[in-house]
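Descriptive structure summary
Chain residues, written in single-letter form:
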Amino acid sequence: MAALCRRFTGFHFLLVLVSLSISSLVFGDWIGDDEGEQFTEELLLKPLPDRKVLAHFHFQSTAHPSPDSGHHHHLFPKAIAQLVQKFQIRDLELSFTQGRWNYENWGGSDPISSTNAKPPGVELWATFNVPVVEIDTTWKNLTHALSGLFCSSINFLESSTSYTTPSFVFGLNVSNIRYGALPREAVCTENLTPWLKLLPCRDKAGLATLLDRPSIYKGYYHSQKLRLTSTKLSGIILEQTLTIVLQPNIQRNSAHSLLDGAIQPSWSISSMFKRNLTGSCVLARTSRILVELEKNIVSKLEELGHGGSWSNSLLDLSPNPFRVIKEVNPFPEESNSILFEYVNSKEYEPLDVGIKWKLPFVWSSPHAPFHASRFLMGSGTERGSIAISLQSTKSDEYFRSKSNECRMQAVVFQVVPWYVKVYYHTLQIFIDQKLQNLSDVIEKIRVTPSEDKKLPGTLELVLGYPCTVQSVALTLDFDKGFLHIHEYPPDANQGFDIPSALVTFPNLHSSRIYIGDDSSVHSPLLLKFQEKNVVLSYTEVLLVPFTTPDFSMPYNVITFTCTVLALYFGSLLNVLRRRIGEEERLMRSKDATKRGLIPLIVSKITSKLRGMPRSKPLLIFAVVLSVLFHYIVN
């Protein structure tokens, strides 16, 4: 018996070792193996000057090149790998945006505004590793695949009237890139749900559990982006970002909140998202939360003598951060921004990061040197003008100090639908409200005229002007085309949307450098901030009113015609099918067999009156006549 027990114990121990070895082989690549697939999740929180809070979610999935790439995946979404393999995608960026980024209050030269501030609606651009003759077909098939994957109307970009080929605005290969935008596309939970399904833990664990739908869509700005990069050396890198601007609930907990309203509202993760954060996604290599204080706030703290303290007379940051990361500013006389890092690793204790403000404080976010905007000029429904304005923000002392030696470059990219017929020869450029020669300002230009029902119009130009100018304006005249009735949208009286124009400043970059290399080695978000991203700005979406036909007229014509035809054919069939002789005989037979009501009453009365005296019948007859007269009159 003892020998049997020892034999069973040895067999059981061997089974446990085999199971542990298999588990290590299977799950080893899932968590943190540099040679396998990786997944990281990060959240950046930043208070904004206009009493709002920026929440930026960053999820990154990496699939290193392997012989089984595209067939077997543990963490990387298989649907994205199949898209890359089928359509030979090199780079792809897809964004769903609701609202417009406020460049004046939320910043225009930081990494978030340069990479995650997107135009309203849907924006898609992609480059392919296929021959030039196959790019248009590949693009159309890709739009249909993405439309089904994200439950949206991206398939409308398959038409040649909806996409174009930029030349130099994105700095990519000219022949292999396609760009399209749908400014009127509505963004809802139907787009967010498939986006979350690409995450290994979806929204069941980790930072994604904070994505409460009502909290997200009641914000002032919401943009979900998917960035895909595929190379033979690094494999496939999928970046999923969700940028939200929320208004925290104002809590009056102190006497300072009764001041002039300049004090910032206190907030926390649980108060903004209505959920508690408990633990990270078990498949994530890193899960962290970063709280950023801009350099203007840090400058105020330094004036108060607190420096990089997270608990001082101005604000309280709770709980205590795990690490403090400082930015290295190239200008020593200026203050640096600060990042407070929290590691999300406790499964049973909620991590509720928040800021409590103690004193009123007003600051401004860093702006781009020029603020871009676009508007319409003219009146009427036949013609008009498009104007793009660049107004100096006077925010960069470096450029203003260079006087006339410094020159600014601005790249303008604008796509106009074919039914807005732009006359590009009417281009005029004004600098400080003075008309300039085009050859003195334009360094490079590319124009693709529109073709009716075939191609949209595209304008790309590089402007060069001194950094000391206060304003730059471009104007273009256009005529409004005539559309067929079936080419109007269902809400045609609202007008037609022209996608946002893109203005980039190639001389300016929004990269940041942080002290300590170990702070950004395992943080894809901080590595993204250190890239030299070009400062850019999207303009407003233009709403162009068009002359619309009377859409009720076809209905009126159809109903009137049907009524006339019904009356005509009804009368005609009645005349053709009537038999006059038979009808007359039938009427005579009915009159002979069936008497009317009044004759029947009279006959009955006369039959009863025959045996009465003469005075009584006359009296009764008079009474009956009076009753009948009274009934007829009333």
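Residues numbered from 1 in each chain as written. Predicted model: local features only at pLDDT ≥ 70, side-chain atom pairs only at ≥ 80, totals over all residues. Heavy atoms only, no water.

Considerations on the overall build of the chain
Within the chain, the regular secondary structure consists of 17 helices and 27 strands. By the burial criterion, 45% of the 634 residues in the chain qualify as buried. Considering only contacts within the chain whose residues lie at least 6 apart along the sequence, 75% involve residues at least 24 apart. Accessible surface, the chain as shown: approximately 33000 Å² in total, 58% of it carbon and sulfur. (Helix = DSSP H or I, 4+ residues; strand = E, 2+ residues; numbered from the N terminus. Buried < 20%, exposed > 50% of the residue type's maximum accessible area, 1.4 Å probe, protein only. Contact = heavy atoms within 4.5 Å. Areas by Shrake-Rupley, 256 points an atom, 1.4 Å probe, with all protein chains shown as cover.)

Regarding the sheet that holds strand β9 (residues 267–268)
Strand order in the open sheet formed by 3 strands is β9-β14-β11, with antiparallel pairing between adjacent strands. Looking at the sheet topology across the chains shown, the edges are occupied by β9 and β11 (315–318). (Pairing = 2+ DSSP bridges.)

Considerations on the UniProt feature "transmembrane region" (unreviewed entry) in the chain
Feature annotation in UniProt places "transmembrane region" (unreviewed entry) on residues 555–576 and 617–633, given in this structure's numbering. Each end of residues 555–576 is marked by a C-alpha atom, and these two atoms are 31 Å apart; helix forms 100% of the span and strand 0%. (UniProt positions renumbered as here; feature names shortened; annotations may be inferred.)

What about the pairing of strand β12 (residues 323–328)?
Note: β12 against strand β13 (residues 338–343), 4 bridges, orientation antiparallel. Residue Lys326 lies in a different strand from β13, and its bridge partner there is Ile338. As paired strands, β12 and strand β25 (residues 513–514) are joined by 2 bridges and run antiparallel to one another. Looking at β25, one finds that Glu327 is bridged to Tyr514.

Topic: the nonpolar core
In this structure, Phe57, Leu92 and Ile289 are the most contacted members of the largest nonpolar core, which totals 80 residues. Excluding residues that lie within four positions of it along the chain, Leu92 makes contacts with Leu124, Trp125, Ala126, Leu142, Leu146, Leu226, Arg227 and Leu228. By size, the runner-up hydrophobic cluster in this structure holds 44 residues, among which are Val412, Tyr424, Leu474 and Val544. (Core = buried A, V, L, I, M, F, W, Y, C linked by side-chain atoms within 4.5 Å.)

Let's talk about helix α9 (residues 295–303)
Those residues of α9 lying buried are Ile297, Val298 and Leu301. When α9 is viewed along its axis, its buried side chains cluster within an angular range of 100 degrees and face the same direction. Among the residues trailing α9, Gly305 stands out with phi positive, at a value near 85 degrees. (Arc of directions from axis to C-beta.)

What about a nonpolar patch on the surface?
Together, Leu565, Tyr568, Phe569, Leu572, Leu573 and Leu576 make up a nonpolar patch on the protein surface, roughly 610 Å² of accessible area in all. Owing to a relative accessible area of 32%, Leu572 belongs among the partly exposed residues under this scheme. (Patch = residues over 30% accessible without salt bridge, like charges linked within 9 Å, V, L, I, M, F, W, Y side chains within 5 Å. Salt bridge = Lys/Arg side-chain N within 4 Å of Asp/Glu carboxyl O.)

Points about the sheet that holds strand β18 (residues 420–431)
The strand order across the open sheet built from 5 strands is β15-β16-β22-β18-β19, with neighbouring strands paired in antiparallel fashion. Pairing within the sheet leaves two strands with one partner each, and these edge strands are β15 (370–377) and β19 (434–435). Across 9 bridges, strand β16 (residues 383–392) lies against strand β22 (residues 471–480) in antiparallel orientation. Each bridged residue has a counterpart across the sheet, and for Ala387 the counterpart in β22 is Thr475.

Things to note about the state of the cysteines
Put plainly, two cysteines are in a disulfide when a covalent bond ties their sulfur atoms together. If you walk through the whole model with that rule in mind, you get 2 disulfides. A sulfur-sulfur separation of 1.8 Å characterises the disulfide bridge that pairs Cys201 with Cys281. Residues Cys201 and Cys281 are joined by a disulfide whose S-S torsion is about 70 degrees; by sign, that bridge is right-handed. With Cys201 in the loop between α6 (189–196) and α7 (213–217) and Cys281 in the loop between α8 (269–273) and β10 (286–293), this residue pair connects regions lying 80 residues apart in the sequence. Given a relative accessible area of 14%, Cys201 falls into the buried group. The buried category is assigned to Cys281, whose relative accessible area is 2%. (Disulfide = S-S within 2.5 Å.)

Focus on the packing of helix α2 (residues 78–87) against helix α5 (residues 135–150)
Relative placement of two packed helices is described by the angle separating their axes and the distance separating the axes. Interaxial distance between α2 and α5 falls to 11 Å at its minimum, and their mutual angle equals 170 degrees. The angle between α2 and α5 falls in the class roughly antiparallel. Here α2 contributes Ala79, Ile80, Leu83 and Phe87 to the contact with α5, which in turn contributes Thr138, Asn141, Leu142, Ala145, Leu146 and Leu149. (Axes fitted to C-alpha atoms, helices over the stretch in contact; angles between N-to-C directions. Parallel < 35°, antiparallel > 145°, perpendicular 65-115°, else oblique.)

Digging into the pairing of strand β2 (residues 53–63)
Counting buried positions along β2 gives 11 out of 11 residues, so the element sits mostly inside the fold. Because side chains alternate across β2, one face comprises the buried residues Val53, Ala55, Phe57, Phe59, Ser61 and Ala63, and the other comprises Leu54, His56, His58, Gln60 and Thr62, equally buried. In this antiparallel pair of consecutive strands, strand β1 (residues 38–47) and β2, the connection spans 5 residues, and Arg51 shows a positive phi of 65 degrees. Two strands pair when backbone bridges link them, and β2 and strand β8 (residues 235–246) are joined in this way by 11 bridges, in the antiparallel orientation. Bridging across to β8, Ser61 finds its partner in Leu238.

Considerations on α2
What sets the pattern is the α-helix's 3.6 residues per turn: residues three or four places apart point alike. All of the buried residues along α2 are Ile80, Ala81, Leu83, Val84 and Phe87. Buried residues of α2 fall within an arc of 160 degrees about the axis and therefore sit on the same side. Looking at the packing, one finds that the buried side of α2 touches β3 (89–98), β4 (121–128), α5, β7 (221–231) and β8. A positive phi of about 55 degrees marks Gln88, the residue just after α2.

Describing the side chain of Ser389
Inspection of the secondary structure assignment puts Ser389 in strand β16. A relative accessible area of 9% means that Ser389 is categorised as buried. Within the structure, the side chain of Ser389 is placed 3.1 Å from the side chain of Gln391, a separation counted as a polar contact. (Polar contact = N/O pair within 3.5 Å; in protein donor to acceptor, adjacent residues only side chain to side chain.)

Some remarks on the confidence of the model for the chain
For the chain, per-residue confidence averages 83 on the pLDDT scale, and residues scoring 70 or more make up 80% of the total. pLDDT under 50 marks residues 253–260. Its contacts with residues more than four places away, or in other chains, come to 7 contacts. (pLDDT = per-residue confidence, 0-100.)

Quick word on unusual backbone geometry
Pro319 follows Ser318 through a cis peptide bond whose omega is -10 degrees. By secondary structure assignment, the location of Pro319 is in the loop between β11 and β12. In this model, Asp432 sits at a positive phi of 55 degrees, which is unusual for a non-glycine residue. Among the secondary structure elements, Asp432 is positioned in the loop between β18 and β19. Of note in this structure, Gln433 is not a glycine but carries a positive phi near 65 degrees. With respect to the element layout, Gln433 can be found in the loop between β18 and β19.

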